[in-house]
Amino acid sequence: MSLLEIKGLEAKVAGVGGREILKGVDLTINAGEVHAIMGKNGSGKSTLAQVLMGKESYEVTSGSVTYQNKDLLEMDTEERAREGIFLAFQYPVEIPGVSTSYFLRAAVNETRKHRGQPILDAKDFLKLVKDKQTLLKIDSSFMNRAINEGFSGGEKKRNEVFQMAVCDPIFCIMDETDSGLDIDALKVVAQGANTLRRPDRGILIVTHYQRLLDYIKPDYVHVMMDGRIVKTGGPELAHELEELGYDPIEKQLAGA
Ligand code: ADP
Ligand code: MG
């Protein structure tokens, strides 16, 4: 059984006359698999990530998304989160006045309640976050600071992967988690993401650089162009794109 099955997904910017962005996306992700979507800026990668999370500024006009045998498009964003979907944003937001620790414990306990697991008290919660902090080289003072407030770009990205690790999701989406990172931060983020690989979990990595894929080896690489997945291959496809760019694929499509 597939974890996530996207069929003919079309979406546009919500509102009258909103621009069409996704023009028929087909993608199946099984538990245990890591998929990467690559593509030029503006090809619709972030829109796909946001639509999967249920962002209201996009309207699905056609197609279906089945997640764990349920109709994902019927769920609101909160339900999707409770059902184990986690999106690490391309541009993490700062939330002044809400401490990371408060926010994360609430998020973790919300999911645990939904799964019928006992909620964590402050002590158990700290135990849980400690390992992940070490893993992602997160300074423990982060927990007492407002979410992402005053964090550098690299710190925000590490913090996103840290939050992802703590929340124990079933389906992870990472949108350009590598952009703006120096090589050391990139390795830390990749290492964190690698530890998320699990037989019962699916991971979708959105990126337009192949360098992250040097550290996280995807099972499948997809190329997105103008709102569609136009090519799928193994990890070698990422190297091919690095070397030759998107031109050969564009030409091939134009000639077809
Ligand atoms: P990618 O992540 O692949 O760079 P995006 O999904 O962010 O691409 O965007 C795809 C295209 O849709 C871009 O041309 C972008 O400007 C446009 N777009 C995305 N969201 C909106 C929006 N809310 N309103 C208007 N245009 C949008
Ligand atoms: Mg994007």
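For the structure, see preceding data.
Residues numbered from 1 in each chain as written. Chains lettered and ligands numbered in written order. Predicted model: local features only at pLDDT ≥ 70, side-chain atom pairs only at ≥ 80, totals over all residues. Heavy atoms only, no water.

A. Region of the structure containing the overall build of the protein. Broken down by element type, the protein carries eight helices and 12 strands. The C-alpha atoms of the protein give 18 Å as radius of gyration, which agrees with the globular expectation for 256 residues (18 Å, within 12%). Each principal axis of the C-alpha distribution contributes one length, and for the protein these read about 60 × 40 × 35 Å. Across the 256 residues of the protein, 47% fall into the buried class. In the protein, 69% of the contacts between residues at least 6 apart in sequence involve partners at least 24 apart. Roughly 12,300 Å² of accessible area belongs to the protein as shown, and the carbon and sulfur atoms make up 50% of that amount. When the 32 basic and 38 acidic side-chain charges of the protein are each reduced to a single mean position, those positions are 4 Å apart. (Helix = DSSP H or I, 4+ residues; strand = E, 2+ residues; numbered from the N terminus. Rg over C-alpha atoms; globule rule 2.2 N^0.38 Å. Buried < 20%, exposed > 50% of the residue type's maximum accessible area, 1.4 Å probe, protein only. Contact = heavy atoms within 4.5 Å. Areas by Shrake-Rupley, 256 points an atom, 1.4 Å probe, with all protein chains shown as cover. Lys, Arg positive; Asp, Glu negative; His and termini not counted. Charge placed at Lys NZ, Arg CZ, Asp CG, Glu CD.)

B. Quick peek at the pairing of strand E2 (residues 20-30). Across eight bridges, strand E1 (residues 2-13) lies against E2 in antiparallel orientation. Among the inter-strand pairings, Ala11 is bridged to a residue of E2, identified as Leu22. Counting the residues between successive antiparallel strands, the hairpin from E1 to E2 contains six residues, one of them, Gly15, with a positive phi of roughly 110°. (Pairing = 2+ DSSP bridges.)

C. Quick peek at helix H7 (residues 236-244). All of the buried residues in H7 are Leu237, Ala238 and Leu241. In a view along the axis of H7, the buried residues occupy a sector of 105°, so they form one face of it. Exposed and oriented more than 90 degrees from the buried face of H7 are Glu242 and Glu243. On its buried side, H7 packs onto strand E3 (34-38), strand E11 (220-225), strand E12 (228-233) and helix H8 (247-255). One or two steps after H7, the chain reaches Gly245, where phi turns positive at roughly 75°. (Arc of directions from axis to C-beta.)

D. Looking closely at the site of ligand 1. Contacts to ligand 1 come from Val13, Arg19, Ile21, Lys40, Asn41, Gly42, Ser43, Gly44, Lys45, Ser46, Thr47 and Tyr58. A distance of 2.7 Å is found between an oxygen atom of ligand 1 and a backbone nitrogen or oxygen belonging to Gly42. Taking 560 Å² as the accessible area of ligand 1 by itself, protein coverage stands at 65%. Here the shell around ligand 1 takes three residues from helix H1 (residues 45-53), the largest share from any one element. Counted by class, the shell around ligand 1 contains three nonpolar, six polar and three charged residues. (Near = heavy atom within 4 Å. Polar contact = N/O pair within 3.5 Å; in protein donor to acceptor, adjacent residues only side chain to side chain. Nonpolar A, V, L, I, M, F, W, Y, C, P; charged D, E, K, R; others polar.)

E. View of the pattern of salt bridges. Enumeration according to the criterion identifies 14 salt bridges in this entry. Between Lys156 and Glu94 there is a salt bridge, and its shortest N-O distance comes to 3.3 Å. In this pair, Lys156 sits in helix H5 (residues 153-167) while Glu94 sits in the loop between strand E6 (85-88) and strand E7 (95-99), placing the two residues 62 residues apart along the sequence. For Lys156, a relative accessible area of 16% corresponds to the buried category. Residue Asp168 pairs with Arg201 through a salt bridge whose shortest N-O separation is 2.8 Å. Separated by 33 residues along the polypeptide, Asp168 in the loop between H5 and strand E9 (171-175) and Arg201 in the loop between helix H6 (183-196) and strand E10 (202-206) bring together distant segments of the chain. Residue class for Arg201 comes out buried when judged on its relative accessible area of 4%. (Salt bridge = Lys/Arg side-chain N within 4 Å of Asp/Glu carboxyl O.)

F. Just the sheet that holds E11, in detail. Strand order in the open sheet formed by six strands is E6-E9-E10-E3-E11-E12, with mixed pairing between adjacent strands. With partners counted over all chains shown, the strands left at the sheet margins are E6 and E12, one partner each. Geometrically, the sheet is characterised by an average inter-axis angle of 20° between neighbouring strands, direction not taken into account. Where E3 and E11 come together, four bridges link them in parallel fashion. Along E11, the bridge assignment pairs Ala36 with Val221. Sheet contacts for H5: E6 and E9; angle to E6, the most-contacted strand, approximately 170°. (Axes fitted to C-alpha atoms, helices over the stretch in contact; angles between N-to-C directions.)

G. Molecular detail of the environment of Leu73. Looking at where Leu73 falls in the secondary structure, it is placed in the loop between strand E5 (70-71) and helix H2 (77-82). Every residue in contact with Leu73, bar those within four places of it in the chain, is listed here: Leu9, Val60, Gly63, Ser64, Val65 and Arg80.

So far we have only geometry, and geometry alone does not tell us how the molecule works.
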